[in-house]
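A look at the structure
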Amino acid sequence: MRVALTIGASDPSSGAGIQMDLKVFQYLGIYGLTVLTAITSQSTVEFSNVFPLSEEVINSQFEVLLTDIKTNGAKIGMLYNKETINSVIKNIKKFNIKNLVVDPVITSTLGTKLIEEDALEFLKNELIPLSTAVTANILEAERLTGIKIEKIEDMYEASERLYKLGTSFAIIKGGHLDNKAVDILYDGKNFHKIDGKKISGEFHGTGCAFSSAFVSFLCKEYTAFEAFRASKALVRKAIENSIKLGHGIKLLILKEERNEQDSS
Ligand code: PXL
């Protein structure tokens with residue numbers, strides 16, 4: 001069985017974070033492992049707290065887990081501070097993790113900051129060079145490249161800049177152009193563009209679902225472009241099936257989870 005590891009934080013609403021990643025892994029037939037970096041307190045209406053875990057706690061999880069089970073790939077989500085990033089980098093090197101997808105998480109869907117300022121710089125300079133792919137949304141791409149993204153040309157330029165930070169596949173998601181949602185993958189030679197229909201509304205966990213799907217497909221030996229296409233399709237379907245379970249933003253649903261009579 002193929003195995004993927006998610007390194008990130010707990011979201012008790014299960015709409016994002018490691019809970020969402022596990023749902024995607026399961027949906028795609030991948031056995032999911034988890035290393036927690038932080039615990040958040042959040043719902044569909046409110047994000048109230050982040051409790052980062054210490055380096056000791058993070059190292060301990062890696063050590064006991066990866067000396068036992070070998071993973072085919074890993075996805076990195078929320079890394080709150082420099083210490084967390086440092087610990088994750090040490091363990092990626094130590095256990096020689098391949099197919100490493102970095103989702104450079106900066107803010108939650110509700111706007112809370114999920115990384116400290118100096119940590120973002122550290123992530124950019126020390127973690128991205130170790131990655132196979134970076135999956136950035138517009139805000140994340142702007143922050144990592146310094147390019148203000150307003151049109152498609154800006155997305156091309158930013159993806160080149162992102163690639164030059166040392167990843168193999170730079171992905172920028174969600175550029176808005178003529179009422180379309182445009183995603184770009186740059187592999188150092190070619191740009192691959194996918195146009196999608198823009199879907200209005202706010203959805204929780206689309207970035208998490210995309211990056212965990214992407215690493216799953218890499219583990220299944222899809223090419224990066226095939227993985228890109230398939231991940232986008234998966235997120236789109238999950239958005240179409242999304243539900244309003246609480247009083248706030250909608251939660252993504254992967255098809256098989258949904259109960260037929262449960263259509264609200
Ligand atoms: O989607 C980014 C993200 C990652 N990890 C956790 C989150 C969120 C967004 O809310 O809560 C735990």
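A word on the overall build of the chain
Looking only at helices and strands, the chain has eight helices and 11 strands in total. Taking 2.2 N^0.38 as the reference for a compact globule, 264 residues should give roughly 18 Å; the C-alpha atoms of the chain span a radius of gyration of 17 Å, in line with that estimate. The C-alpha extent of the chain, read off along each of the three principal axes, is 45 × 45 × 35 Å. Put simply, the chain has 264 residues, and 52% of those count as buried. Across the chain, contacts joining residues at least 24 apart in sequence account for 68% of those joining residues at least 6 apart. Here the chain carries 31 positive and 33 negative side-chain charges, and the mean point of each set is 4 Å from the other.

A word on the site of the ligand
Every residue close to the ligand is listed here: A9, S10, A16, G17, Q42, M78, V105, S108, T109, L114, H204 and C208. Contact distances for the ligand include 2.5 Å between an oxygen atom and a side-chain N or O atom of Q42.

Regarding the environment of K220
Secondary-structure assignment places K220 in the loop between α7 (206-219) and α8 (224-240). With relative accessibility at 31%, the residue K220 sits in the partly exposed group. Separated by 191 residues in the primary sequence, K220 and G29 have C-alpha atoms spaced 9.6 Å apart. Leaving out residues up to four positions away in the same chain, K220 has contacts with R2, L28 and I30. A polar side-chain atom of K220 sits 2.8 Å from the main-chain carbonyl oxygen of L28.

Remarks on unusual backbone geometry
A positive phi angle is found at S14, which is not glycine, with a value near 60 degrees. Structurally, the position occupied by S14 is in the loop between β1 (3-10) and α1 (17-27). The backbone of N99 sits at a positive phi, close to 50 degrees, despite the residue not being glycine. Locating N99 in the fold gives a position in the loop between α3 (82-94) and β5 (100-102). For N99, a relative accessible area of 23% gives the class partly exposed.

Overview of the pattern of salt bridges
Under the counting rule described, the total for this entry stands at 12 salt bridges. Across the pair E55 and K90 runs a salt bridge whose closest N-O atoms are separated by 3.8 Å. Here E55, found in helix α2 (residues 55-66), pairs with K90, found in helix α3; they are 35 residues apart in sequence, far enough to count as distant. Overall, the relative accessible area of 26% leaves E55 in the partly exposed class. Here K90 falls in the partly exposed class, since its relative accessible area comes to 45%. A salt bridge links E117 to R143; its shortest N-O distance comes to 2.4 Å. With E117 in helix α4 (residues 117-127) and R143 in helix α5 (residues 138-145), this residue pair connects regions lying 26 residues apart in the sequence. Among the residues examined, E117 registers a relative accessible area of 45% and is labelled partly exposed.

As for the pairing of strand β3 (residues 47-52)
When strand β2 (residues 31-42) meets β3, the two strands line up antiparallel, connected through five bridges. When the bridges of β3 are listed, S41 appears paired with N49. Remark: four residues form the turn of the hairpin made by β2 and β3, two consecutive strands paired antiparallel.

A closer look at α5
The buried fraction of α5 amounts to six of the eight residues, a majority that puts the element mostly inside the structure. When we look at burial in α5, the residues that qualify are I138, E140, A141, E142, L144 and T145. A side-chain oxygen of the first residue of α5 lies 3.2 Å from the backbone nitrogen of L139; this N-cap is N137. One or two steps after α5, the chain reaches G146, where phi turns positive at roughly 75 degrees.

Remarks on the pairing of β2
Across eight bridges, the pairing between β1 and β2 is parallel. Among the inter-strand pairings, G8 is bridged to a residue of β2, identified as L36.

Side note on the nonpolar core
One finds L5, I7, I76, I85 and L127 to be the most contacted residues of the largest nonpolar core, which totals 42 residues. The element best represented in this core is α4, accounting for five residues. In this structure L5 touches F25, L33, T34, V35, F62, L65, L66, T71, G73, A74, K75 and I97, once residues within four positions along its chain are discounted. Among the nonpolar cores identified, the runner-up in size contains 31 residues, and F25, A133, V215 and F217 belong to it.

Analysis parameters
Residues numbered from 1 in each chain as written. Predicted model: local features only at pLDDT ≥ 70, side-chain atom pairs only at ≥ 80, totals over all residues. Heavy atoms only, no water. Helix = DSSP H or I, 4+ residues; strand = E, 2+ residues; numbered from the N terminus. Rg over C-alpha atoms; globule rule 2.2 N^0.38 Å. Buried < 20%, exposed > 50% of the residue type's maximum accessible area, 1.4 Å probe, protein only. Contact = heavy atoms within 4.5 Å. Lys, Arg positive; Asp, Glu negative; His and termini not counted. Charge placed at Lys NZ, Arg CZ, Asp CG, Glu CD. Near = heavy atom within 4 Å. Polar contact = N/O pair within 3.5 Å; in protein donor to acceptor, adjacent residues only side chain to side chain. Salt bridge = Lys/Arg side-chain N within 4 Å of Asp/Glu carboxyl O. Pairing = 2+ DSSP bridges. Core = buried A, V, L, I, M, F, W, Y, C linked by side-chain atoms within 4.5 Å.

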